[in-house]
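Analysis of the macromolecular model
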Amino acid sequence: MSSRPPEQGDFSDEFYYDADLRLLQAIPPGARDILDTDCRSGRLAEILKHLDPARRITSIAPPAFNAQEVAEHGSPAMCADRLITAEFESAINDCTTSSFDCILVGHALLCRSDPSTALALLRPLLRAGGHLLAALPNAQHWTQIDRLLRGEPGSPKNNDGAPDRAFTAPSLIKTFLAAGYLPRLLDRRRRRGVEPAQRRY
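Residues numbered from 1 in each chain as written. Predicted model: local features only at pLDDT ≥ 70, side-chain atom pairs only at ≥ 80, totals over all residues. Heavy atoms only, no water.

1. Remarks on the side chain of Thr175
Rule in force here: Runs of E in the DSSP output that reach at least two residues are strands. Runs of H or I that reach at least four are helices, and both are numbered from the N terminus. We call two residues contacting when some pair of their heavy atoms lies within 4.5 Å.
Along the chain, Thr175 falls in helix H8 (residues 169-178). Sequence-distant contacts of Thr175, defined by excluding residues within four places in its chain, comprise Pro115, Ser116, Leu119 and Phe167.

Right, here's the structure in full:
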């Protein structure tokens, strides 16, 4: 795993720590105001500012995120121009309408009990012609089916009591349509299947 932010076009790995590089590649070149709804370690903001310092990045982190401690000890999260530490709904209310060219969605959406409602809250924040980009797991992927056939337990529940969600392609499209978006699948990860000798069932 690389220990430095990737340069423009240097995306040989799919992840830089917990930052999804394919999600970053999908960001329109002209996007200047970007909202990261799932700050996590802050690596997304770090890369975005590294590739283009003119970008204005707003990151949302949960209340447990200790911003003061991070500021004192340093963290990639501090690369963001604005760091909002609050529950999802409160953080959205703290943002100005029509203020972002691009919104990035990941794990935060999976934790919501009603993903469509969460997505609908984000729509007013987009400017005309803006984009919402999401990198989400596929429940129909063979690795998920293999796990179920081996009897492994499902995903644990999150802070609000909702389970981690893995969308199927139809349910993903329905979720975005219900929130008022016109979804388009930009990319899919393809992994080599398990060799027959490795199968456990």
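2. Re unusual backbone geometry
Unlike most non-glycine residues, Ser98 shows phi in positive territory, near 55°. Secondary-structure assignment places Ser98 in the loop between helix H4 (88-93) and strand S6 (100-105).

3. Considering the confidence of the model for the protein
Counted only if it meets this: Per-residue confidence from the prediction method is given by pLDDT, with values spanning 0 to 100.
Put simply, the protein has an average pLDDT of 77, and 72% of its residues get 70 or more. Element-level pLDDT for the protein is lowest in helix H3 (residues 67-73), with a mean of 53, against a maximum mean of 96 in strand S3 (residues 33-36). pLDDT under 50 marks residues 8-12. Its contacts with residues more than four places away, or in other chains, come to 6 contacts. Counted against residues more than four places away or in other chains, residues 156-163, with its pLDDT under 50, gives 17 contacts.

4. Side note on the pairing of S3
What counts, and what does not: Between buried and exposed lies partly exposed: a residue is buried under 20% and exposed over 50% of the maximum accessible area for its type, with that area taken using a 1.4 Å probe on protein chains only. Pairing between strands requires that DSSP locate at least two bridges from one strand to the other. Assignment of crossover handedness uses the view with strands pointing away from the viewer, where a clockwise path from the first strand over the helix to the second indicates a right-handed crossover.
Of the two faces of S3, the one carrying Asp33 and Leu35 and the one carrying Ile34 and Asp36 are both buried. Two strands pair when backbone bridges link them, and S3 and strand S4 (residues 56-61) are joined in this way by 4 bridges, in the parallel orientation. Following the sheet pairing, Ile34 is matched in S4 by Ile57. After leaving S3, the chain enters helix H2 (residues 43-51) and then returns to the sheet as S4, a path that is right-handed.

5. Some words on the environment of Leu172
Turning to its location among the elements, Leu172 is positioned in helix H8. Once the C-alpha coordinates of Leu172 and Pro183 are considered, the two residues, 11 residues apart in sequence, prove to be 8.7 Å apart. Apart from residues lying up to four places away in sequence, Leu172 is in contact with Leu136, Phe167 and Leu185.

6. A short note on the environment of Ile84
Following the sequence through the fold, Ile84 ends up in strand S5 (residues 82-85). Given a relative accessible area of 6%, Ile84 falls into the buried group. For the pair Ile84 and Pro63, spaced 21 residues apart in sequence, the C-alpha separation works out to 8.8 Å. Once you skip the residues sitting within four places of it in the chain, Ile84 turns out to touch Thr58, Ser59, Ile60, Ala61, Ala91, Asp94 and Cys95.

7. Remarks on the packing of helix H6 (residues 115-122) against H8
What counts is decided by this rule: Structural elements are reduced to axes, namely lines fitted to C-alpha atoms, with helices fitted over the stretch in contact, and the angle between N-to-C directions of any two is expressed from 0 to 180 degrees. Note on terminology: angles under 35 degrees are roughly parallel, angles over 145 are roughly antiparallel, angles of 65 to 115 are roughly perpendicular, and the others are oblique. Handedness of a crossing is defined here by the sense of rotation of the near helix relative to the far one, left-handed for an anticlockwise turn of less than a right angle and right-handed for a clockwise turn. Residues are sorted three ways: Asp, Glu, Lys and Arg are charged, Ala, Val, Leu, Ile, Met, Phe, Trp, Tyr, Cys and Pro are nonpolar, and all the rest, Gly among them, are polar.
For the pair H6 and H8, interaxial distance at closest approach is 8 Å and the crossing angle is 45°. Taken together, H6 and H8 sit at an angle that is classed as oblique. The hand of the H6/H8 crossing is right-handed. In contact with Pro115, Ser116 and Leu119 of H6, H8 contributes Thr175, Phe176 and Ala178. Grouping the amino acids of the contact of H6 with H8 by side-chain chemistry returns 4 nonpolar, 2 polar and no charged.

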